[in-house]
Amino acid sequence: MRENSLRQLIIFLIVVLIACPALLTAQSTNTPISDNGFRIFNFGDSVEQYGSDICIWDPVENIIRYKYCGNDTSMCKIGDIRFDDVVLCFNGENRLFSINFSLYMSQKTALKEFTKLQNVLYEKMLVYLVSMYGRDYENTSDKESVSKTWTKKSMIIKLAMFGGGNNYWCRFGISFRKNFNEADQ
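First, a word on what this report is: a plain description of the structure on this page. Every value quoted in this text rests on a predicted model; they were computed, and no experiment measured them.

1. What about the packing of aromatic side chains?
Part 1 of the reasoning: Following the criterion strictly, the structure yields 10 aromatic pairs and no others.
Part 2 of the reasoning: Arranged with centres 5.8 Å apart and planes meeting at 65 degrees, the rings of phenylalanine 83 and phenylalanine 101 form a pair that is edge-to-face. With a gap of 18 residues between them, phenylalanine 83 in the loop between strand 4 (81–82) and strand 5 (85–90) and phenylalanine 101 in strand 6 (residues 96–106) connect regions that are remote in the sequence. Taken as a pair, phenylalanine 83 and phenylalanine 101 share a single burial class, namely buried.
Part 3 of the reasoning: Aromatic side chains tyrosine 104 and tryptophan 169 sit 6.2 Å apart centroid to centroid with 25 degrees between the ring planes, which places their arrangement in the stacked category. Taken together, the residues span a long stretch of sequence, with tyrosine 104 in strand 6 and tryptophan 169 in strand 10 (residues 169–178) at a distance of 65 residues.

2. With respect to the environment of methionine 105
Part 1 of the reasoning: In this fold, methionine 105 is placed in strand 6.
Part 2 of the reasoning: On a C-alpha basis, the gap between methionine 105 and cysteine 170 in space is 5.2 Å, while along the polypeptide they are 65 residues apart.
Part 3 of the reasoning: The residues touching methionine 105, leaving out its near neighbours within four places in the chain, are Phe114, Leu117, Gln118, Leu121, Tyr168, Trp169, Cys170 and Phe172.

3. Looking at the pairing of strand 5
Part 1 of the reasoning: Across the 6 residues that make up strand 5, a large majority, 6, are buried.
Part 2 of the reasoning: Side-chain alternation along strand 5 places Asp85, Val87 and Cys89 on one buried face and Val86, Leu88 and Phe90 on a second face that is also buried.
Part 3 of the reasoning: Alignment of strand 2 (residues 64–68) against strand 5, held across 4 bridges, turns out to be antiparallel. The partner of lysine 67 across the bridge, within strand 5, is valine 87.
Part 4 of the reasoning: Note: strand 5 against strand 6, 6 bridges, orientation antiparallel. Counted as the bridge partner of valine 87 is asparagine 100 from strand 6.
Part 5 of the reasoning: Counted along the chain from strand 5 to the antiparallel partner strand 6, the turn is 5 residues long, and its residue asparagine 94 has a positive phi close to 60 degrees.

4. Some points on the pairing of strand 10
Part 1 of the reasoning: Counting buried positions along strand 10 gives 7 out of 10 residues, so the element sits mostly inside the fold.
Part 2 of the reasoning: Two elements, strand 6 and strand 10, share 9 bridges in a ladder whose sense is antiparallel. Of the residues in strand 10, the one forming a bridge with tyrosine 104 is arginine 171.

About the thresholds
Numbering of residues starts from 1 in each chain and follows the order in which that chain's sequence is written. Since the coordinates come from a predicted model, pLDDT governs what is reported: local features require at least 70, and pairs of side-chain atoms require 80 or more to be given and counted, while whole-chain, interface and lining totals use all residues. As a convention, hydrogens and water are excluded, and side-chain values are obtained from all of the structure's heavy atoms. Two aromatic rings from Phe, Tyr or Trp, using only the six-membered ring of Trp, form a pair when their centres are within 6.5 Å; if the ring planes differ by under 30 degrees the pair is stacked, by over 60 it is edge-to-face, and anything between is tilted. For the purposes of this entry, the term helix denotes a DSSP run of H or I that reaches at least four residues, the term strand denotes a run of E that reaches at least two, and both are numbered from the N terminus. Think of it in three bands: residues with accessible area under 20% of the maximum for their type are buried, residues over 50% are exposed, and the middle band is partly exposed, with areas taken using a 1.4 Å probe on protein chains only. Throughout, a residue-residue contact means that at least one pair of heavy atoms, one from each residue, lies within 4.5 Å. For two strands to pair, DSSP has to find at least two bridges joining them.

Spelled out as structure tokens, the structure:
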């Protein structure tokens, strides 16, 4: 009896998966991540759409950057990693084109443990992004930084880790950038 019930459950699951191919498709790059800030941040939005949830942070040339200052702290999370800051960048046309997450660490333990912790965090971020965007990324590294960059249609996703002060600090960054010129063509 139990074997028959198990067989029926397996057949039911197979039928559901065949009948619902949408469950098997990869995530769209138009809505990159559904479990963090992307539920409220949408590329192309204007500054006014976010009201008091954002505050001016650092204007640079024709890019105006705003820090997320809202009460929903889940916006600062990707996977199970909580970031220090979420910065939104708007272009000269008042369109959101970049969402940037950053996390800063300073050495509070011996250098060996600090380096190990950096590597563990970077690997967690990499595993998460690979699960979302695949293994087709470009590697870049130099003496002070390492990064991975995915290019998906009109999106650029970048994971970076860089340090300084003789390895006394480290900053991680994940950025999602939309190229409207490519997307609009």
